[in-house]
Amino acid sequence: MVEQSHLFLDDTYLLSIDTRFESRALGSDRVSIIPADNIVHAQGGGQPSDDVTVNDVPAEVVKEAGRVALLVPADRAHGFIDEHRVTIRVDRDTRLRHAALHTFGHIIANVLDEHGWFAKKANHFPSEARIEFTRKDPSNMTDWSDIEDDVKSRLSQVLSQRLPVHVRQDKKTSFVQVGDLPEFPCAGTHVRDTGCLATYEIISTKIKKGVLKVRYDAKHTE
Ligand SMILES: [Zn+2]
């Protein structure tokens, strides 16, 4: 069984690779390709999967027993299934969009944490990105209007600094840190530094039953 290394964790911008792989038939219709050197993010942690091709054949991205597998139609895999290597490509625009959203999501969580809110759930999908927060101290009755100006100016301050985004591996867990803000365990993709965010925006906020929902958007530079 091929040992899979997840290169996307360290390098968001590695968009194609020639790699050894393992394959397995899924019924008569599809073949599962498991790359040894993996540059593909599979949906998880609130982030969608990448758009991917294997030898130019569009693939569905899934997880199989903790490994990333790329499913291709069997009739289109005939050409390469007996080869030793395949070329995997990740769509650049989708990758960068997801990385921008995910990174800005972390920064929002960092800043809200400074204001007494704990991020408990996140969705970093384009057009529906949002994070849900609960109060770290339930007796704290602070409303969004009390912190809005401070949060927005802190976000501008953080994002004006071109902070590097660090990734470190500790055993099997990957931790992500923006500048010297507190790190998060995270296995998504992130921008190289905050200067890569071309635009960012808090779209709306709402507090209901003690849960603060923050909808947001962010785009990577071209
Ligand atoms: Zn992340």
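In the block above lies the structure referred to throughout.
First things first, this report covers the structure right here in the doc. Since the model is a prediction, treat every value here as computed from it, not as a measurement.

So, how was this worked out
Residues numbered from 1 in each chain as written. Predicted model: local features only at pLDDT ≥ 70, side-chain atom pairs only at ≥ 80, totals over all residues. Heavy atoms only, no water. Pairing = 2+ DSSP bridges. Helix = DSSP H or I, 4+ residues; strand = E, 2+ residues; numbered from the N terminus. Core = buried A, V, L, I, M, F, W, Y, C linked by side-chain atoms within 4.5 Å. Buried < 20%, exposed > 50% of the residue type's maximum accessible area, 1.4 Å probe, protein only. Contact = heavy atoms within 4.5 Å. Donors = N, O, S within 2.8 Å, 3.2 Å for Na, K, Ca; no water. Phe/Tyr/Trp six-rings, centres within 6.5 Å; stacked < 30°, edge-to-face > 60°.

**Details of the sheet that holds strand 11 (residues 165-170)**
Strand order in the open sheet formed by three strands is 11-12-13, with antiparallel pairing between adjacent strands. Looking at strand neighbours, the two that pair on one side only are strand 11 and strand 13 (184-185), the edges of this open sheet. In the sheet, strand 11 pairs with strand 12 (residues 173-178) via six bridges, with the strands oriented antiparallel. Across the sheet, residue histidine 166 finds its bridge partner in strand 12, namely glutamine 177.

**A short note on the nonpolar core**
Of all hydrophobic cores here, the largest spans 33 residues; its most connected members are Phe104, Ile107, Ile108, Leu112, Phe133, Leu155 and Leu197. Every element with two or more residues in this core is listed here: helix 2 (92-114), strand 10 (130-135), helix 3 (144-159), strand 12, strand 14 (197-208) and strand 15 (211-220). With nine residues, helix 2 is the largest single contributor of residues to this core. Setting aside residues no more than four positions away along its own chain, leucine 155 makes contact with Phe104, Ile107, Ile108, Val111, Tyr200 and Ile202. With 21 residues, the next largest nonpolar core counts Phe21, Val52, Val68 and Phe80 among its residues.

**What to know about the coordination of the zinc ion**
Around the zinc ion, the protein contributes the donor atoms His102 (NE2), His106 (NE2), Cys186 (SG) and His190 (NE2), at 1.9 to 2.5 Å from the metal centre. Linear spacing of the donor residues for the zinc ion on their chain is H-x3-H-x79-C-x3-H. One end of the pair is histidine 102 and the other is histidine 106, both in helix 2 and four residues apart, which spans about a single turn. The same class applies to histidine 102 as to histidine 106, namely buried.

**What to know about the environment of aspartate 180**
Among the secondary structure elements, aspartate 180 is positioned in the loop between strand 12 and strand 13. A relative accessible area of 73% means that aspartate 180 is categorised as exposed. Distance from aspartate 180 to arginine 95, taken between C-alpha atoms, is 25 Å for residues 85 residues apart in sequence.

**Thoughts on the environment of aspartate 82**
Of note, aspartate 82 is situated in the loop between helix 1 (74-77) and strand 8 (85-90). Looking at aspartate 82, the relative accessible area reads 70%, which means it is exposed. As for aspartate 82 and serine 23, which are separated by 59 residues in sequence, their C-alpha atoms are 9.1 Å apart.

**Observations concerning the packing of aromatic side chains**
For any pair of aromatic rings, the description consists of the separation of the ring centres together with the inter-plane angle of the planes. As enumerated under the stated definition, the model contains two aromatic pairs in all. Ring plane angle 50 degrees and centroid distance 5.2 Å describe the contact between phenylalanine 104 and tyrosine 200, whose orientation is recorded as tilted. Residue phenylalanine 104 is located in helix 2, and its partner tyrosine 200 is located in strand 14; the two are separated by 96 residues in the primary sequence. Accessibility expressed as a relative area gives 0% for phenylalanine 104, which makes it buried. With a centroid separation of 5.7 Å and 70 degrees between ring planes, the pair formed by phenylalanine 104 and tyrosine 216 is classed as edge-to-face. Placement of the pair is phenylalanine 104 in helix 2 and tyrosine 216 in strand 15, with a sequence separation of 112 residues. Of the two residues examined, phenylalanine 104 and tyrosine 216, each falls in the buried class. Here a set of aromatic residues connected by ring pairs shows up, and it is made of Phe104, Tyr200 and Tyr216.

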